[in-house]
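Listed below are the residues making up each chain.
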Amino acid sequence: MTYRTVKQFADAATLEELFTGQWQNRPSVLDGYEPYLDDRWSEGCTNVWKLREEIVPLGYKGSYQRVRAFLHDKRTSPQPVTARPPSPRSVAGWILRRPDTLTETEQLQLKAVRTHYSELDALTGHVRFFATMLTERQGERLPDWLDAVRQDDLPSLHTLAAGIDRDRDAVITGLTLPWNSGVVEGHVNRIKMLKRQMFARAGFSLLRKGVLLAR
């Protein structure tokens, strides 16, 4: 053993201090259910077997021992053991995706986040409202959405709402009519790609010919 390894064992006051580093944050099959277990523990349910039986219908496929180990830390720790919070990127993905595409675990985690953070709960409602307008062409509901956004303390959405309000008629039209500029944007991107391919290799006449022949 190296001196550092021997010193680590000698200085450790408890066994848990040795389990650090690369193993500490390894994902567990229980991660998605820890918020639920935290809530149930706070409600006074401390029966490990009962809690394990409650998360099995939610999709948990791990062992009883893993649940017992997680709750054992709660019993012995002087401070409450909290579940590892999801990353901002994960939460943003759950909010932006269609609710019916989320797995049961993701729905459970998003519900826990919305319960503990009122700002994210309000944000989720506004994002899903706007998504419904966009996908179902309900542009006439845009004024209601703008009014609802202004009532919540969400500065980033206020900036977006102000920008939309300046072009309210155009946005309502875009959210209502079936036509869009997708075809034009596609041609613009194609021309940009051809221009990059010929960068510093040819003049305008060859670029023009390449655009015409690539149609």
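Structural notes, computed from the coordinates. (Residues numbered from 1 in each chain as written. Predicted model: local features only at pLDDT ≥ 70, side-chain atom pairs only at ≥ 80, totals over all residues. Heavy atoms only, no water.)

### Observations concerning the overall build of the chain
Here is the rule we go by: Runs of H or I in DSSP of at least four residues are treated as helices and runs of E of at least two as strands, each being numbered from the N terminus. Three labels apply to residues, based on accessible area from a 1.4 Å probe with only protein chains included: buried if under 20% of the type maximum, exposed if over 50%, partly exposed otherwise in between. By definition, residues are in contact when any of their heavy atoms lie within 4.5 Å. Only the protein chains shown count as cover for residues, and the accessible areas themselves come from Shrake-Rupley with a 1.4 Å probe.
Tallying secondary structure elements over the chain gives twelve helices and zero strands in all. Seen in sequence order, the chain has helices and strands lined up from the N terminus as α-α-α-α-α-α-α-α-α-α-α-α. In the chain, which comprises 215 residues, the share counted as buried stands at 25%. Considering only intrachain contacts with a sequence separation of at least 6, the fraction spanning at least 24 residues in the chain is 49%. Surface accessibility of the chain: about 15,700 Å² in total, with carbon and sulfur atoms responsible for 56%.

### Comments concerning the packing of helix H8 (residues 142–150) against helix H10 (residues 168–176)
Here is the rule we go by: Only C-alpha atoms enter the line fits that serve as axes; for helices the fit covers just the stretch in contact. Angles between N-to-C directions range over 0 to 180 degrees. An angle below 35 degrees is treated as roughly parallel, one above 145 as roughly antiparallel, one from 65 to 115 as roughly perpendicular, and anything else as oblique. Residues were grouped as follows: Ala, Val, Leu, Ile, Met, Phe, Trp, Tyr, Cys and Pro as nonpolar; Asp, Glu, Lys and Arg as charged; and all remaining residues, including Gly, as polar.
Between H8 and H10, the shortest axis-to-axis distance is 10 Å and the interhelical angle comes to 120 degrees. Comparing their axes, H10 and H8 come out oblique. The segment H8 lies against H10, with Leu142, Pro143, Leu146 and Arg150 engaging Arg168, Val171, Ile172 and Leu175. Each residue belonging to the contact of H8 with H10 can be placed in one class, and the counts come to six nonpolar, no polar and two charged.

### A closer look at the nonpolar core
This is how it is decided: Residue types Ala, Val, Leu, Ile, Met, Phe, Trp, Tyr and Cys, when buried and joined through side-chain atoms within 4.5 Å, form a set referred to as a nonpolar core.
Core analysis: the largest hydrophobic core is formed by 13 residues, its most contacted members being Leu30, Tyr33, Leu37, Ile55, Tyr60, Val67 and Leu71. Of all elements in the fold, only helix H2 (34–42), helix H3 (48–55) and helix H4 (64–76) reach the threshold of two or more residues within this core. Filtering out sequence-adjacent residues up to four positions away, Leu37 remains in contact with Leu30, Leu51, Ile55, Val67 and Phe70. Judged by nonpolar contacts, the second largest core, of eleven residues, contains Leu146, Val149, Leu157 and Leu175.

### Here's the deal with the side chain of Arg40
With respect to the secondary-structure elements, Arg40 resides in helix H2. Sequence-distant contacts of Arg40, defined by excluding residues within four places in its chain, comprise Cys45, Lys50, Leu51 and Glu54.

### What to know about the pattern of salt bridges
Cut-off, in case you're wondering: The working definition used for a salt bridge is a side-chain nitrogen of Lys or Arg within 4 Å of a carboxyl oxygen of Asp or Glu.
In total, this model carries nine salt bridges according to the counting rule given. Arg114 is the salt-bridge partner of Asp121, the closest N and O atoms lying 2.7 Å from each other. Asp147 is paired through a salt bridge with Arg150; the nearest N and O atoms lie 3.5 Å apart. Of this pair, Asp147 and Arg150 both sit in helix H8, separated by three residues, roughly a single helical turn.

### A word on the environment of Leu71
Among the structural elements, Leu71 can be located in helix H4. Those residues in contact with Leu71 that sit more than four places away from it in its chain are Trp41, Val48 and Leu51.

### Examining the packing of aromatic side chains
The cut-off we apply is this: What counts as a ring pair is set by centres within 6.5 Å for rings of Phe, Tyr and Trp (its six-membered ring), and what kind of pair is set by the plane angle: stacked under 30 degrees, edge-to-face over 60, tilted for all other angles.
This model, assessed by the stated rule, comprises three aromatic pairs. On the basis of an interplanar angle of 75 degrees and a centroid distance of 5.6 Å, the ring pair of Tyr33 and Tyr60 is categorised as edge-to-face. Placement of the pair is Tyr33 in the loop between helix H1 (3–11) and H2 and Tyr60 in the loop between H3 and H4, with a sequence separation of 27 residues. Judged by relative accessible area, Tyr33 falls into the buried class, the value being 5%.

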